[in-house]
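Chain by chain, the residues:
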Amino acid sequence: MRRVRYEHSGGPEVLFTEDVPVPAPGPGELLVRVEAAGVTLPVVRKVREPRDPIPLGGEIAGEVVSTGEGVGGYAPGDRVTGLCFGHGYAEFALLHVTMASPVPDGASAVDAVALVRSGLVAYGALDAARPEPGEAALVTAAAGGVGHLALQLARLRGAARVTAAVSGAGAADKTAFLRSLGADEVVTYDEQTWGEPVDYALDAVGGELLTPAVRALAPHGRLVAYSSGGGTVQAYDLLVGAKSVSGFQMGLVARERPRVYEAWRREVWKLFGTGALRPAVHAEFALQDAAKAHAVIEARGNLGKVVLIP
């Protein structure tokens, strides 16, 4: 089978495709023939980090080929999706049964990849913000795979006003895209202020953007950080406005709170089924073009999800 990996850190150019044996599922694992794999900013960032190479994984969707010892509830031929922490940029991948969920009838593999991680991260981060109807919300990286869903979910949870913050690349296209999804205002990161203060912010960027994101909060505002970009928040900036910052990590919830994870999953699929939640796919790339997919993410020009098709 073919899979994508890298041997040393760098940009998209370090990715290459290789032929390797199809893996065998171990205890608690499903062997999945991958029909779609999501490309995420955290994975793109990790390729650039000066560290030993890691498997390129994330959300996948496809058909179960075989099951490992102790697996119940799934059989060959079932359509599944889930978070793959091994080699997900591949024609076949191993998916732990606790990370797997069925793909509903009528949904494609690309739909599943657009929702399985991005939708759940958006839903979970929003839940961590404890939104109340009538509040104002801010979403950073709003045009991305998670952000464009978080924006919609904030509106569905009763946000009276939603501000979308984006990078300057392709700002005009992003503005039209985000307004079509319900954004009241679209700002770019380099603007002096990000509009009227908000009650809560969902931040997917981190780094230097944490400071303006905290500044955008009204007194008693809450920021939920779910970025892999790090960053530092000055305690004084929180103290003077009685603001708070909390972190959110999807993998931790999936492993330690499986019932919550399953409830979120059901709700996300329900919203998709009714048409209330609309995942957007920016582009689909062949597996051998993974470098092009990474380049799109790095350029910050995508409107929605970027997907690999093995």
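Every value quoted in this text rests on a predicted model; they were computed, and no experiment measured them.

Moving on: the sheet that holds strand β13 (residues 244-247). Ordered by their spatial adjacency, six strands build an open sheet running β10-β9-β8-β11-β12-β13, and the pairing between neighbours is parallel. The sheet terminates laterally at β10 (185-188) and β13, the two strands that pair on one side only. Each strand axis lies, on average, 20° off the axis of its neighbour in the sheet, ignoring direction. With five bridges joining them, strand β11 (residues 198-203) and strand β12 (residues 217-225) adopt parallel strand pairing. Considered in β12, the bridge of Asp 203 is made with Ala 225. Lying on the sheet, helix α4 (residues 147-156) is in contact with β8 (136-140), β9 (161-166) and β11; it crosses β9 at an angle near 170°.

Judged by nonpolar contacts, the single largest core of 88 residues is most densely connected at Tyr 89, Leu 178, Leu 202, Phe 248, Met 250 and Leu 308. Contacts of Leu 202, omitting those with residues within four sequence positions, involve Ala 125, Leu 126, Ala 129, Leu 138, Val 139, Thr 140, Ala 150, Val 224 and Tyr 226. Membership of the second largest hydrophobic core comes to 15 residues, among which are Ala 201, Val 205, Leu 210 and Ala 213.

To continue, consider unusual backbone geometry. For Arg 130, which is not glycine, the phi torsion reads 55° and is therefore positive. Within the element layout of this structure, Arg 130 appears in the loop between α3 (118-128) and β8. The backbone of His 220 sits at a positive phi, close to 70°, despite the residue not being glycine. Tracing the sequence through the fold places His 220 in strand β12.

Mapped onto the elements of the fold, Glu 132 is located in the loop between α3 and β8. For the pair Glu 132 and Glu 185, spaced 53 residues apart in sequence, the C-alpha separation works out to 20 Å.

A few words now on the pattern of salt bridges. Applying the stated criterion across every chain, the model contains 14 salt bridges. Note that Arg 5 and Glu 18 form a salt bridge whose closest N and O atoms lie 2.7 Å from each other. In this pair, Arg 5 sits in strand β1 (residues 2-5) while Glu 18 sits in strand β2 (residues 16-19), placing the two residues 13 residues apart along the sequence. Assessed through its relative accessible area of 23%, Arg 5 is described here as partly exposed. Residue Glu 18 is classed as buried on the basis of its relative accessible area, which comes to 15%. One salt bridge in this structure joins Glu 59 and Lys 305, with 2.8 Å as the shortest N-O distance. Within this pair, whereas Glu 59 is found in strand β4 (residues 58-67), its partner Lys 305 is found in strand β15 (residues 305-309), the two being separated by 246 residues in sequence. In this pair, the class of Glu 59 matches that of Lys 305, namely buried. If you follow the salt bridges from partner to partner, you end up with Arg 3, Arg 5, Glu 7 and Glu 18 in one network.

Turning our eyes to something else, we now look at the packing of helix α1 (residues 41-48) against helix α10 (residues 290-298). Contact geometry for α1 and α10: axes closest at 10 Å, N-to-C directions at 105°. Judged on the interaxial angle alone, α10 and α1 are roughly perpendicular. In contact with Leu 41, Val 43, Val 44, Val 47 and Arg 48 of α1, α10 contributes His 294, Ile 297 and Glu 298. Here the residues of the contact of α1 with α10 sort into five nonpolar, one polar and two charged.

What follows deals with the packing of α3 against α4. With their axes 8 Å apart at the nearest point, α3 and α4 run at an angle of 45° to one another. Here α3 is positioned oblique relative to α4, judged by the angle of their axes. Once α3 is placed against α4, the crossing between them reads as right-handed. Within the contact between the two elements, α3 uses Ser 118, Gly 119, Ala 122, Tyr 123 and Leu 126 and α4 uses Leu 149, Ala 150, Leu 153 and Ala 154. Its residues assigned to classes, the contact of α3 with α4 shows seven nonpolar, two polar and no charged.

A separate point is the pairing of strand β5 (residues 79-84). Along β5, five of the six residues are buried, which leaves the element largely enclosed by surrounding structure. Inspection of the sheet shows β4 paired to β5 by six bridges, in the antiparallel sense. Directly across from Ala 61, in β5, lies its bridge partner Thr 81. Bridge count between β5 and strand β7 (residues 100-102): three bridges; the pairing is antiparallel. In the sheet register, Thr 81 faces β7, and the bridge partner there is Ser 101.

Calculation rules
Throughout, residues of each chain are indexed from 1 in the direction in which the sequence is written. Side-chain atom pairs in this predicted model are given and counted only at pLDDT of 80 or more, local residue features only at pLDDT of at least 70, and totals for whole chains, interfaces and linings cover all residues. To get the side-chain values, take all heavy atoms of the structure and skip hydrogens and water. DSSP-based pairing: two strands are paired if at least 2 bridges between them are found. Helix numbers and strand numbers start at the N terminus; a helix is a DSSP run of H or I with at least 4 residues, a strand a run of E with at least 2. Simply put, an axis is a line fit to the C-alpha atoms, just over the touching stretch for a helix, and the angle between two N-to-C directions goes from 0 to 180 degrees. The contact definition used throughout considers only heavy atoms, calling two residues in contact when any of these lie within 4.5 Å. Grouping buried Ala, Val, Leu, Ile, Met, Phe, Trp, Tyr and Cys residues that are joined through side-chain atoms within 4.5 Å yields what is termed a nonpolar core. Residue exposure (1.4 Å probe, protein chains only): buried if accessible area is under 20% of the type maximum, exposed if over 50%, otherwise partly exposed. Salt bridges are defined by distance alone: a side-chain nitrogen of Lys or Arg within 4 Å of a carboxyl oxygen of Asp or Glu. Every angle not falling under 35 degrees, over 145, or within 65 to 115 is termed oblique; those three ranges are roughly parallel, roughly antiparallel and roughly perpendicular. Amino acids outside the nonpolar list (Ala, Val, Leu, Ile, Met, Phe, Trp, Tyr, Cys, Pro) and the charged list (Asp, Glu, Lys, Arg) are all regarded as polar, and Gly is one of them. Note on convention: near helix rotated counterclockwise from far helix by under a right angle means a left-handed crossing. Clockwise means right-handed.

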